[in-house]
Amino acid sequence: MAADLAGKVAFVTGAASGIGRQSALAFAAAGAKVAVADIAEEGAAETVKLIQGKGGEARFFRCDVADTNSVQAAIKSVVDAYGSLDCAHNNAGILGTPGDFDSYDEALFDRVIRINLTGVFLCMKYELQVMKRQGRGAIVNTASVAAILASPGLPSYNASKHAVVGLTKSAAVGYAKAGIRVNAVCPGFIDTPMTRHGFGPIDVEARGAELHATGKVGKPEEVAAVVVWLCTDAASLVTGVALPVDAGWTITT
Ligand code: NAI
């Protein structure tokens, strides 16, 4: 990969699986030391192994993004271990079981919001404290096409992803003069465990082909490449955007 993040430190949540795992691999390929953050220890260990197998530097940091203390402790441990925090990909998220709005389970609604929205807020809060001290940093939040389009049957997911874009814009403007850029990616339909298991039995390739103008489902590494680019100096003029990475889905709907 051309992107040069040699010597930088990247923190990736949800790095045990799917988009987060590929993002962790892409940061490592660009030369960054990678903090693999997740609640899923087995998957995270596999991500660390994959990076180390390619000669990269990575460590697992247990982090439940829904828990303030866990987030604060994980980010402190990353800075203690690696000395800085240059890039952060706040990516951990859940879909929530699809259901009708008028009977949607309220505890599930709260849980999705806690992880997808409050989780991103908590990660940004503690990342920004470090980055402000350093006078530099780049943050990318994983939103979704569900931040742009309606997602019938997924009210909390839909709301959480719209709100992640609001958090992104708020921090982008608030911290631009501090040398910190904050962006979001809005992935389309990506072949990950979330899409394979979250919607019941579906043909992921066929659904992706239907939604994307390219006629192909997205691969998590195609999202990861954009995330890493947004964290490089090549994107120095880019802040506060919610960038569709969706193979034309949102312009054809
Ligand atoms: P995935 O299910 O493969 O990975 C999600 C990861 O988040 C898992 O490793 C899981 O353990 C972790 N996670 C869940 N709750 C957590 C918590 N409380 N604390 C820390 N980690 C936690 O899903 P995928 O597809 O890779 O999703 C990643 C992100 O991309 C999510 O935010 C999702 O909403 C978003 N996204 C995915 C799309 C897709 O088509 N797969 C499309 C648009 C957005």
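Residues numbered from 1 in each chain as written. Predicted model: local features only at pLDDT ≥ 70, side-chain atom pairs only at ≥ 80, totals over all residues. Heavy atoms only, no water.

**Student:** It is not clear to me how the site of the ligand should be interpreted in this structure. Could you clarify?
**Tutor:** In the vicinity of the ligand lie 29 residues, with S17, D38, N91, Y157 and T192 positioned nearest. Within the contact set of the ligand, an oxygen atom lies 2.8 Å away from a backbone nitrogen or oxygen of I19. Here an oxygen atom of the ligand and a side-chain polar atom of Y157 are 2.6 Å apart. In isolation the ligand exposes 830 Å². Once the protein is present, 92% of that is buried. Sort the elements by how many residues they give to the shell around the ligand and helix α6 (residues 193-198) lands first, with three residues. Its residues assigned to classes, the shell around the ligand comprises 16 nonpolar, 10 polar and three charged. (Near = heavy atom within 4 Å. Polar contact = N/O pair within 3.5 Å; in protein donor to acceptor, adjacent residues only side chain to side chain. Areas by Shrake-Rupley, 256 points an atom, 1.4 Å probe, with all protein chains shown as cover. Helix = DSSP H or I, 4+ residues; strand = E, 2+ residues; numbered from the N terminus. Nonpolar A, V, L, I, M, F, W, Y, C, P; charged D, E, K, R; others polar.)

**Student:** Mind showing me how you'd approach the packing of helix α4 (residues 106-134) against helix α5 (residues 155-175) here?
**Tutor:** Relative placement of two packed helices is described by the angle separating their axes and the distance separating the axes. Running from N to C, α4 and α5 cross one another at 15°; their axes reach a closest spacing of 8 Å. When the axes of α4 and α5 are compared, the pair comes out roughly parallel. The way α4 lies across α5 gives a crossing that is right-handed. Along its contact with α4, which presents L108, F109, V112, I113, N116, L117, V120, F121, M124, L128 and K132, the element α5 presents P155, S156, Y157, S160, K161, A163, V164, L167, A171 and Y175. Among the residues making up the contact of α4 with α5, the classes are represented as 16 nonpolar, three polar and two charged. (Axes fitted to C-alpha atoms, helices over the stretch in contact; angles between N-to-C directions. Parallel < 35°, antiparallel > 145°, perpendicular 65-115°, else oblique. Left-handed = near helix turned anticlockwise from the far one by under 90°. Contact = heavy atoms within 4.5 Å.)

**Student:** I would appreciate a short explanation of α5 in the present structure.
**Tutor:** Three or four residues apart is the spacing at which side chains of an α-helix point the same way, because the helix has 3.6 residues per turn. Its 21 residues place the ends of α5 30 Å apart at the C-alpha level, agreeing with the 30 Å of an ideal helix rising 1.5 Å per residue. All of the buried residues along α5 are P155, S156, Y157, N158, S160, K161, V164, V165, T168, A171 and A172. Looking at the buried positions of α5, the neighbouring elements they touch are α4, β5 (137-142), β6 (180-187), α6 and β7 (242-245). (Expected span 1.5 Å × (residues − 1). Buried < 20%, exposed > 50% of the residue type's maximum accessible area, 1.4 Å probe, protein only.)

**Student:** Explanation requested: the pattern of salt bridges in the structure shown.
**Tutor:** Where charged atoms from two side chains of opposite charge approach closely, those side chains can pair. Per the counting criterion, the structure on display carries seven salt bridges. Of the charged contacts in the structure, one is a salt bridge between R136 and D86, with a shortest N-O distance of 2.7 Å. Here D86 lies in the loop between α3 (68-82) and β4 (87-90) and R136 lies in the loop between α4 and β5, a separation of 50 residues in the sequence. The exposure class of D86 is buried, given its relative accessible area of 5%. R196 serves as the salt-bridge partner of E205, at 3.1 Å between the closest nitrogen and oxygen. Residues participating in the shared-partner salt-bridge network are D191, R196 and E205. (Salt bridge = Lys/Arg side-chain N within 4 Å of Asp/Glu carboxyl O.)

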